Amino acid sequence: MEDPGSRLAGVFNSAADDFDAVTPQVWGPAGEALIAALDPRAGEAVIDICSGTGASVLPAAKAVGPDGRVLAVDFSAALLDVARAKAGAEGLGNVDVAVADVTTLEPGITPCENAFDVLACAFGVFFLPEMDDAARGLLRLVRPGGKVGVSVWHADAMADFAAAYFATVGEIAGDTGHQGPRAPGSGPRPIDRINTEETLAAWLSDVGGHDVAVTTVRLRVACTPEFAWKLVLGSGYRGALTELDDETRRRIRDRFVERLAAEHITEVNCDTLIATARV
Ligand SMILES: C[S@@+](CC[C@H](N)C(=O)[O-])C[C@H]1O[C@@H](n2cnc3c(N)ncnc32)[C@H](O)[C@@H]1O
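- With an unreviewed UniProt entry as reference, the chain is termed Class I SAM-dependent methyltransferase, source organism Gordonia desulfuricans.

Next comes the structure, spelled out in structure tokens:
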């Protein structure tokens, strides 16, 4: 059976351009909010994990300035290529990228424990198998007194959007075996354990954070048919389409946008929880 990690990496690798298409409305503002909450200082070393196309990498690189550095790690080479190109276009020479599974980082990719002042992870922790153990290991990369910050979807985020999407996929394609973070029927989902201010704070404290603070960033986007489909293709939702042919995907898209209109879903709730802590 295919390793779920390589399947997920394949989903994100196939999504590079689509993924970045929703950066202006979703990943970008959320990444800015995460880095604003972490407030890295000039000259600091930041490790950004599950970096995607760099939504939190770029603001981190600007914050730490030329004397600081940001290491962006993701197992999707295609997304990191976009992140690197964007950093170059903005003249940010302090960004390095590493293609790696963040749950099995190797010496040489991550220099050593305590090597970083700040660790940032935007919309990534809930993808990690054994999320708690993975987080405990990743926190060890940060020096004592350094900071860690994660962002995750709020419990209410995309609830009606996801329900309409997966109902449509089920209606047209049957069970696609999609195991994404918001897919229904895939057993207990890690994201459900950390999707309120209280549960996220308790989790971050449990995996080793101190002085935990959590805020909710309200992020709403008009649910036009164009944006709705861009969000599907530019996120983990596209995993449900991977095995399907173009005609089936088109039918799903058309039925999905019809359903959104019929259910009066005019806005996509992208509310995001931002948690920070000291290590
Ligand atoms: C929803 S995207 C978020 C990307 C980016 N942080 C942002 O906010 O735009 C999740 C990212 O996590 C990455 N990812 C998931 N599991 C991973 C793992 N085990 N190792 C490395 N990257 C992983 C995916 O490739 C994808 O780029």
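Text resumes after the structure shown.
**Re the overall build of the chain**
Consideration 1: For the chain, the helix and strand inventory stands at 10 helices and 9 strands.
Consideration 2: Taking 2.2 N^0.38 as the reference for a compact globule, 279 residues should give roughly 19 Å; the C-alpha atoms of the chain span a radius of gyration of 18 Å, in line with that estimate.
Consideration 3: If you line up the chain on its principal axes, its C-alpha atoms span 50 × 40 × 40 Å.
Consideration 4: Counting every position in the chain, which comprises 279 residues, the buried fraction comes to 52%.
Consideration 5: Summed over its atoms, the accessible surface of the chain is roughly 11900 Å², and 51% of this surface lies on carbon and sulfur atoms.
Consideration 6: When the 24 basic and 40 acidic side-chain charges of the chain are each reduced to a single mean position, those positions are 2 Å apart.

**Section: the pattern of salt bridges**
When the charged atoms of two side chains lie near each other, side chains of opposite charge can form a pair.
Consideration 1: Scanning the entire structure with this criterion turns up 18 salt bridges.
Consideration 2: Ionic pairing is found between Arg238 and Asp18, a salt bridge with its closest N-O pair at 2.9 Å. Of this pair, Arg238 sits in the loop between α9 (225-233) and α10 (246-262) while Asp18 sits in helix α2 (residues 16-21), and the two are 220 residues apart along the sequence.
Consideration 3: Classification of Asp18 as partly exposed rests on a relative accessible area of 29%.
Consideration 4: The partner of Arg250 in a salt bridge is Glu247, with the nearest N and O atoms 3.5 Å apart. Highlighted residues: Arg250 and Glu247, both in helix α10, separated by 3 residues, approximately one helical turn.

**A few points about the site of the ligand**
Consideration 1: For the ligand, the set of nearby residues contains 19 residues, the closest of which are Cys50, Asp74, Asp101, Val102 and Ala122.
Consideration 2: Across the complex, the protein chains shield 98% of the 590 Å² of accessible surface that the ligand would expose by itself.
Consideration 3: Looking at the shell around the ligand, its residues break down into 14 nonpolar, 3 polar and 2 charged.

**With respect to the side chain of Asn269**
Consideration 1: Turning to its location among the elements, Asn269 is positioned in strand β8 (residues 267-269).
Consideration 2: Judged by its relative accessible area of 13%, Asn269 is buried.
Consideration 3: Within polar-contact distance, the side chain of Asn269 engages the backbone nitrogen of Asp271 at 2.8 Å.
Consideration 4: For Asn269, the contacting residues outside a window of four places in its chain are Asp156, Ala157, Met158, Leu219 and Arg220.

**Some details on the environment of Ala122**
Consideration 1: As for its placement among the helices and strands, Ala122 is situated in strand β4 (residues 116-122).
Consideration 2: In the structure, Ala122 is positioned 113 residues away from Ala9 in sequence and 16 Å away in space, judged by C-alpha atoms.
Consideration 3: Residues contacting Ala122, with those up to four places away along its chain left out, are Leu34, Ile49, Cys50, Ser56 and Ser151.

**Some details on the environment of Ala162**
Consideration 1: Structurally, Ala162 is set in helix α7 (residues 159-173).
Consideration 2: The class of Ala162 is buried, set by a relative accessible area of 5%.
Consideration 3: A C-alpha to C-alpha distance of 22 Å links Ala162 and Met131, two positions 31 residues apart in sequence.

**What about the packing of aromatic side chains?**
Consideration 1: Per the counting criterion, the structure on display carries 12 aromatic pairs.
Consideration 2: Relative to Phe123, the ring of Trp27 has its centre 5.3 Å away and its plane inclined at 70°; by these criteria the two rings are edge-to-face. Placement of Trp27 in helix α3 (residues 23-38) and of Phe123 in the loop between β4 and α6 (131-139) is noted, with a sequence separation of 96 residues between them. The residues Trp27 and Phe123 share a single accessibility class, namely buried.
Consideration 3: Judged by centre distance (5.1 Å) and plane angle (45°), the rings of Phe126 and Phe127 are tilted.

**Digging into unusual backbone geometry**
Consideration 1: The phi angle at Met158 is positive, at roughly 55°, despite the residue not being glycine.
Consideration 2: When its relative accessible area of 2% is taken as the criterion, Met158 is described as buried.

Rules of the game
Residues numbered from 1 in each chain as written. Predicted model: local features only at pLDDT ≥ 70, side-chain atom pairs only at ≥ 80, totals over all residues. Heavy atoms only, no water. Helix = DSSP H or I, 4+ residues; strand = E, 2+ residues; numbered from the N terminus. Rg over C-alpha atoms; globule rule 2.2 N^0.38 Å. Buried < 20%, exposed > 50% of the residue type's maximum accessible area, 1.4 Å probe, protein only. Areas by Shrake-Rupley, 256 points an atom, 1.4 Å probe, with all protein chains shown as cover. Lys, Arg positive; Asp, Glu negative; His and termini not counted. Charge placed at Lys NZ, Arg CZ, Asp CG, Glu CD. Salt bridge = Lys/Arg side-chain N within 4 Å of Asp/Glu carboxyl O. Near = heavy atom within 4 Å. Nonpolar A, V, L, I, M, F, W, Y, C, P; charged D, E, K, R; others polar. Polar contact = N/O pair within 3.5 Å; in protein donor to acceptor, adjacent residues only side chain to side chain. Contact = heavy atoms within 4.5 Å. Phe/Tyr/Trp six-rings, centres within 6.5 Å; stacked < 30°, edge-to-face > 60°.

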